[in-house]
Amino acid sequence: MSDRVLHAPPDLELFAADRPEIEDALSRRINADPENVQRGLAQLVLTVVELLRQIMERQALRRIDGDTLSEEQVERLGRTFMELDKRLEELRLEFGLDEEDLNINLGPLGNLL
Amino acid sequence: MIDLIAITDHPGPPLPGSLSLRAVPVDGLTAVCAPAEREDATVDALWRREETIEALMADRDLLPVRYGTRLEDDAAAARAVTERRAELGAALDRVRGAVELSLRVIAADDPGEARADDETGGRTRSGADYIRAKACLVARRDAGVRTLHEPLSTLARASVKRPPRPPLELLRVAYLVDRPAVEGFTALVARAQRSSPGLRLLLTGPWPPYSFAER
């Protein structure tokens, strides 16, 4: 594969984050013990919450760009997203999920996020 | 049973001998077939398939066929190609003389700069600071990606954007590039890397035109 690299940065390992994925895709099994079910459910719920957070954040950034908000409103929005970000990260760590886990591969439709 | 590997022109150069490939000519096209893989899909089997297609790609234009396309025999392969003769011919024309290059771009600037738990000089940052830092980061990345993709896409025959993988990946594109233009394309990517210190660019290829085999 290395002979197929035409241009790479010196810190190539940054790109290696999703390398184990081929194996995962080939050996996907449903593991139905209680602990995994809980984790799977948490993963699904947190993914949906993360999706909503990203959509709302994009919307908020657009409104800030549009200069239609007062300084107080910007502060309130910022605080809300800051808290949401923090809380979501706490939950993610509690369930032992990586940032990458909060994404679902929808096959031909690509990733959810 | 046989596996359908690729569609190429007919006549074409001789098939690489070591791979037990067989050419089934069909009305100006060739269906390149191999004895069906006995084992399930494994990483090794996928690599073997990739090596086979790359060996074919070295001296001919081709459409890679989706992995796992299994048919009864040569006659079934010929029927399958005949049914879609016009579509396959047009697709082969589209990729003729070109290869696929894959570009991935990730952010190397600190994504933590807009983190919730940041403290600036001992005091917790304000909500406004937090969201403005985020807005700034998003705008900088969007602009970086745009200035990168536009000149590259003018050098390519076609391009297909794939959804990037969060949190760091910003861009994932397949470019269909004329074989003689690969060197120039690579040089342009290297130049783009030098002028984008906040991004990391990985360009790989040449690959078979996987992203351009279907419209």
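Residues numbered from 1 in each chain as written. Chains lettered and ligands numbered in written order. Predicted model: local features only at pLDDT ≥ 70, side-chain atom pairs only at ≥ 80, totals over all residues.

Caption draft 1: Region of the structure containing the domain arrangement of chain B. Residues and elements named next belong to chain B. Domain annotation for chain B reports domain 1 (2-95) and domain 2 (98-212). When each unit is reduced to the centre of its C-alpha atoms, the spacing between domain 1 and domain 2 is 34 Å. On the domain 2 side, the residues contacting the seven residues of domain 1 number six residues. Counting only elements with at least two residues in the side of domain 1 that touches domain 2, the list comes to helix H1 (43-57), strand S4 (62-64) and helix H3 (85-95). Tallied by class, the residues present in the side of domain 1 that touches domain 2 amount to five nonpolar, no polar and two charged. (Domains from an automatic or database assignment. Contact = placed C-beta atoms within 7 Å. Helix = DSSP H or I, 4+ residues; strand = E, 2+ residues; numbered from the N terminus. Nonpolar A, V, L, I, M, F, W, Y, C, P; charged D, E, K, R; others polar.)

Caption draft 2: Summary view of the sheet that holds strand S6 (residues 98-107) of chain B. Judged by pairing direction, the sheet is antiparallel, and its five strands sit side by side in the order S1(A)-S11(B)-S6(B)-S10(B)-S9(B) without closing on themselves. The open sheet terminates on both sides in strands that have one partner only, identified here as strand S1 (5-7) of chain A together with strand S9 (158-162) of chain B. Here the average twist between neighbouring strands, direction ignored, is 25 degrees. Relative to strand S11 (residues 199-207) of chain B, S6 of chain B runs antiparallel, the two being bridged by seven bridges. Following the sheet pairing, Glu100 of chain B is matched in S11 of chain B by Trp207 of chain B. Helix H4 (residues 127-155) of chain B contacts S6, S9, strand S10 (169-178) and S11 of chain B of the sheet and is inclined by roughly 5 degrees relative to S10 of chain B. In the packing of helix H5 (residues 182-194) of chain B onto the sheet, the strands contacted are S1 of chain A together with S6, S10 and S11 of chain B, and the crossing angle to S11 of chain B comes to about 170 degrees. (Pairing = 2+ DSSP bridges. Axes fitted to C-alpha atoms, helices over the stretch in contact; angles between N-to-C directions.)

Caption draft 3: The environment of Ala213 of chain B, seen in detail. Residue and element names in this part refer to chain B. Among the structural elements, Ala213 can be located in the segment after S11. Along the backbone, Ala213 and Arg66 are 147 residues apart, and their C-alpha atoms lie at a distance of 9.5 Å. Discounting chain neighbours no more than four positions away, the residues touching Ala213 are Leu63, Pro64 and Ala91.

Caption draft 4: Structural view of the interface of chain B and chain A. With 32 residues of chain B at the contact, the number on the chain A side is 33 residues. At the level of elements, S6, H4, H5 and S11 of chain B are the ones that each hand at least two residues to the side of chain B that touches chain A. Tallying contributions element by element places H4 of chain B first for the side of chain B that touches chain A, with seven residues. Here the residues of the side of chain B that touches chain A are counted per class, giving 19 nonpolar, seven polar and six charged.

Caption draft 5: The arrangement of helix H2 (residues 34-65) of chain A in detail. Its 32 residues place the ends of H2 of chain A 46 Å apart at the C-alpha level, agreeing with the 46 Å of an ideal helix rising 1.5 Å per residue. Here H2 of chain A has its buried residues at Glu50, Ala60 and Leu61 of chain A. Taken together, the buried residues of H2 of chain A touch helix H3 (71-94) of chain A together with H4 of chain B. Directly after H2 of chain A, the chain includes Asp67 of chain A, whose backbone phi takes a positive value near 60 degrees. (Expected span 1.5 Å × (residues − 1). Buried ≥ 20, exposed ≤ 12 C-beta atoms within 10 Å, placed from the backbone.)

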